[in-house]
Each structure stands twice: as C-alpha cells, then as structure tokens.
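If you want the building blocks of each chain, they are given just below.
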Amino acid sequence: MRILVVCQYYYPENVVITPICEALVRAGHEVSVVTGKPNYGFGHILPGYKNIHDEVINGVVIHRVNLRARGKSRISLIRNYVSFWWNSKRYLSHLKEDFDLVYGMSMSPLISVEGGGKYAKKHHKPNVIHCLDLWPESAVIAGKVRKNSLFYRFLYRSSRKIYSTADEILISSPSFASYFSGVLKLLNKKVLFVPQPPLVHPMPKNGIPYAKKYNLVYAGNVGNLQLIENYVKACILLKNHQDFQFHIVGSGARLSAVLKLIEDNHLQDIVVYHPTVLASEVPSFFTNATALLVPLADTTSPVSKTIPNKLISSLAYGRLIFSSIGGDGRKVLEEAGGSLFASEDPKDIAKGLEEMMSLSNEKRSEMGQANQTYFAQNFDFDKVMDQLIQAFKDCKKS
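Residues numbered from 1 in each chain as written. Predicted model: local features only at pLDDT ≥ 70, side-chain atom pairs only at ≥ 80, totals over all residues. Heavy atoms only, no water.

1. Describing a nonpolar patch on the surface
And step 1. Nonpolar side chains collect at one region of the surface, where I75, I78 and V82 lie side by side and expose about 250 Å² of accessible area between them.
And step 2. Along the chain, the position of V82 falls in helix α2 (residues 74-94).
And step 3. Judged by its relative accessible area of 38%, V82 falls in the partly exposed class. (Patch = residues over 30% accessible without salt bridge, like charges linked within 9 Å, V, L, I, M, F, W, Y side chains within 5 Å. Areas by Shrake-Rupley, 256 points an atom, 1.4 Å probe, with all protein chains shown as cover. Salt bridge = Lys/Arg side-chain N within 4 Å of Asp/Glu carboxyl O. Helix = DSSP H or I, 4+ residues; strand = E, 2+ residues; numbered from the N terminus. Buried < 20%, exposed > 50% of the residue type's maximum accessible area, 1.4 Å probe, protein only.)

2. Digging into the packing of helix α7 (residues 228-236) against helix α11 (residues 346-358)
And step 1. The contact between α7 and α11 brings their axes to 8 Å, and the two run at 65 degrees. Judged by the inter-axis angle, α7 sits roughly perpendicular to α11. Our pair here, α7 against α11, has a crossing hand that is right-handed. Mapping the contact onto sequence places N230, Y231, K233 and A234 in α7 and P346, I349 and A350 in α11.
And step 2. Each residue belonging to the contact of α7 with α11 can be placed in one class, and the counts come to five nonpolar, one polar and one charged. (Axes fitted to C-alpha atoms, helices over the stretch in contact; angles between N-to-C directions. Parallel < 35°, antiparallel > 145°, perpendicular 65-115°, else oblique. Left-handed = near helix turned anticlockwise from the far one by under 90°. Contact = heavy atoms within 4.5 Å. Nonpolar A, V, L, I, M, F, W, Y, C, P; charged D, E, K, R; others polar.)

3. Overview of unusual backbone geometry
And step 1. Between Y11 and P12 the backbone carries a cis peptide bond, its omega angle lying at 10 degrees.
And step 2. Position of P12 relative to the elements: it lies in the loop between β1 (2-6) and α1 (17-26).
And step 3. Omega for the peptide link from W135 to P136 comes to 5 degrees, which places this bond in the cis form.
And step 4. Here P136 is to be found in the loop between β6 (127-131) and α4 (137-141).
And step 5. Look at H124: it is not a glycine, yet its phi comes out positive at around 55 degrees.
And step 6. A positive phi angle, near 60 degrees, is found at L227, a position not held by glycine.
And step 7. Looking at where L227 falls in the secondary structure, it is placed in the loop between β9 (214-219) and α7.
And step 8. What makes L227 buried here is its relative accessible area of 9%.

4. Focus: the pattern of salt bridges
And step 1. Tallying each qualifying case throughout the model produces 12 salt bridges.
And step 2. Three or more residues joined by partner-sharing salt bridges are found here, namely R2, E30 and E97.

5. Considering the sheet that holds strand β12 (residues 291-295)
And step 1. Pairing in this open sheet of six strands is parallel, and the strands run β11-β10-β9-β12-β13-β14 from one edge to the other. Since the sheet does not close on itself, it has two edges, and those belong to β11 (271-274) and β14 (339-341), each with one partner. Geometrically, the sheet is characterised by an average inter-axis angle of 25 degrees between neighbouring strands, direction not taken into account.
And step 2. The sheet contact formed by β9 and strand β10 (residues 244-249) spans six bridges and is parallel. Note that in β10 the partner of Y218 across the bridge is I248.
And step 3. Relative to the sheet, helix α9 (residues 309-316) contacts β9, β12 and β13 (320-324), its axis offset from that of β12 by approximately 165 degrees.
And step 4. Helix-sheet contacts for helix α12 (residues 361-378) involve β9, β13 and β14, and the interaxial angle to β13 is about 80 degrees. (Pairing = 2+ DSSP bridges.)

No statement about biological role is implied by the geometric values presented.
Written out as structure tokens, the structure reads:
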C-alpha cells in the first residue's frame, strides 16, 4: 500500500509514530508523513530543521510544515497546535500525490489530523484515525476546559465532525468504544481495539545503584492524574522502614507540590527525586528496582479507564508492578498476574508497599516474569504492527 500518515510529531521527537512508519516500510509499504518541525520535548524548533521541509529517514518520506514552537506558556502551546493544524491542512489540500489510505495518529489535539480527513474525502480514499487521546474529554480531564461550557460545546462539535470523517477508528483502550457510541453518538462507526505500540528502550544490566534494599520507581509525568502526592504521603507512614525508598523520575504540573511535600515532611531520605533524563536513559532506573509504579486516578472520566502506554512498557521490563488503577488498565494487570494493587488512600498504599517488601525475592521475580510473558504475548511491537496492518487492509477492502 501507499500510505499517507498525518501526525504532528515525528523523529527526532520521541514518539511512537516513527517506529510504526519505519516498520511499515520494512513490511514493503510506501509511507509518506506530513508532520511538523521538531520541537516537542526541546522547547524550540531544532536549529538544523528550520529550513528543512522534505527529507527521507529510513525509507520514510517526510514533509515538515512550519509551526510555532510549543514554548512554556499556554498561549504558545495553543499557537503551536493551531499553526500545525492550519499549515498541515493547507498543504494537504493541495497535495496531488495518490495514496491508497490515510492514517492519522490522533495525539493531542485532535485537530492535528483534520487535514488527513479532508485529503481522504477529496480523493475518495479510506481514512483511519488511531485514537490515543479522547476528545474533547482529554481537554476536560487536563483542566483546559470546563464541561458544558461554550468552548466545550465547540470542541465537542468539531471533534465529532473530525471523527465522523474516519472510515475506521482504532482505539488504544477497549472502553473508548463506549465514548464514541454514548457521548459522541457515532453509532455506526467502525471502532476497533488496536493498542498503541509501545516505545520500549533496552534495560542495561548495570543500572542506577540504589542505597536501599527495596526501591519503588516511578518514571514519567508528575501530573494531576498520577497520584504521586498520595504515594509521598504514604512514605510518611513508612519512615521507620530503613530499607525502603521511593524514586521519582520526571516532571509535570504537580512536581512543585510534590517537592514541597517532601521538604515539609523531611522525607529526603525515603523519597528521592531524579530530574528528567532522556527516554533512552530511563530504563537504567529499572534495573535495580524492586517494583515499578503505574498509577492513574480513578475519576468519572473515560480517560481514567484507559490502558496507559506506561503500563504496557512497564510490563516489558520484567519487574513486579505496584499500581493504583482501575478500568482497562486494571484488567490488563490482573490478567498478567504480576502486580500488587492499592487504593488511592495513602494508608492503603503504605500497607500495600509493606506487603511488597514482605514477598520473597523468588516471588517478586516470578511476578515480574509473568508481566514480561504477558507483554510478549499481547503487546510485542511486531504483533501490534500485524494488527495495525490487518486493520489497514480490512479498511481498504471495505
């Protein structure tokens, strides 16, 4: 197939669409990507890319439209989103190349894939949208917009319109299907579960050394849904456990509050903060970890019922997983059989961590191996790519 891919992000930005496109090329397909100038994770457009519009990387043909860098303010982020939406839509409206199928990877915001839908409609081609974020629900849960506000109603209508252009919607969590039928009222739309292929970097044999015997490691976004403050509060109750430490690697909207909580409660010996590192370096924190933390707040939002990509990648590292999570994510961890669970209450978390420390090394190793086996059977990159390619073929036939 000749596949047109639309995604705001691409290498050298650390996103999963890059290995997906390269795998499609290895499978014999021709792939062209419409994306932006790399700036996600850098804070600015990389200097070498300011005047680059077209390039080929590992067989993937890439066109980069101009956009405004994300920056740090809310206004700069909106400008970033709108500039890619406008420029990609304009480029695609004039694109005359012929493709068999359009594949839009819908990360935030959904408007980023609208141009692909317009190209598909104009040229009578099948349009596949891979939904990694639910819109407008993701904007609500992130605190960007109030439910039932005028802006929410605008986002609802525009999101429904964009989703309706898809001949097939791929969802990264099974429970997303009820959102499309119950909330967006897209009752006749073909919706298919295809997980987000995981970005799994290799874990070194000799990773970060820890001073304590039991080490719980969290690496990722320290945001409103990750419950990190609850885990820090649990550590107050574990001060007498001299052999335990909680390691936090990353940053996010709640980081300042987390660091203040650590300082105010004199927890520096039990809670250790590590500044953000490159994604390829994160697994070095897992080598000597007793358990990996996968938290997600349980809210009324469908977003909290998702399978976080962090959960999928954590399974791959062969470690026991400690989790406060519900919905699809909880089901996956229960099926894998290598997790301990706690509610969001700090007392329950502390009790669960004590249980983790009471397990034998053999039991923890057995649970970690169960997670790794489950990952290989259900989320291995090549297996997910087979599902994705089959979805493309089915959509093209229909």
